[in-house]
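# A closer look at the structure
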Amino acid sequence: MRKFFVRLRKSEKGATAIEYGLIAALIAVASIAAMTSVGTSLTAKFNQISTALK
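Bear in mind the structure is a predicted one, so any value in this text is a computation, not a measurement. Here, residues in each chain are numbered from 1, in the same order as that chain's written sequence. Since the coordinates come from a predicted model, pLDDT governs what is reported: local features require at least 70, and pairs of side-chain atoms require 80 or more to be given and counted, while whole-chain, interface and lining totals use all residues. As a rule here, side-chain values come from all non-hydrogen atoms in the structure, and water together with hydrogens is ignored.

Bringing the overall build of the protein into the picture now. Only DSSP runs of H or I covering at least 4 residues are called helices, and only runs of E covering at least 2 are called strands; the numbering of each starts at the N terminus. Assigned secondary structure in the protein consists of two helices and zero strands. When the 54 residues of the protein are sorted by exposure, 0% land in the buried category. The Shrake-Rupley method, run with a 1.4 Å probe sphere, supplies the accessible areas, and residue values consider only the shown protein chains as cover. Approximately 5,300 Å² of the protein is accessible, and the part contributed by carbon and sulfur atoms is 69%. When accessible area is computed with a 1.4 Å probe and restricted to protein chains, residues below 20% of their type maximum are described as buried, those above 50% as exposed, and intermediate ones as partly exposed.

What follows is the structure in structure tokens.
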């Protein structure tokens, strides 16, 4: 049992997986924020074009 805990303490596989998960979450949040901003800008531009065409 002691050997198991020693190996578990030395293992860094879990820490690496958590780091990759945090990086993926940060990228997702940044992507959502960017897409929301672009979507708002596009909506305003299409409304402007629609008004000009009427």
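Here we come to a nonpolar patch on the surface. Patch membership is restricted to residues that have no salt bridge and whose relative accessible area is over 30%. Joining uses 9 Å for like charges and 5 Å for the nonpolar side chains Val, Leu, Ile, Met, Phe, Trp and Tyr. For this document, the term salt bridge refers to a Lys or Arg side-chain nitrogen within 4 Å of an Asp or Glu carboxyl oxygen. Together, V38, L42, F46, I49 and L53 give the surface a local cluster of nonpolar side chains, amounting to about 530 Å² of exposed area. On the secondary structure map, L53 appears in helix α2 (residues 13-53).

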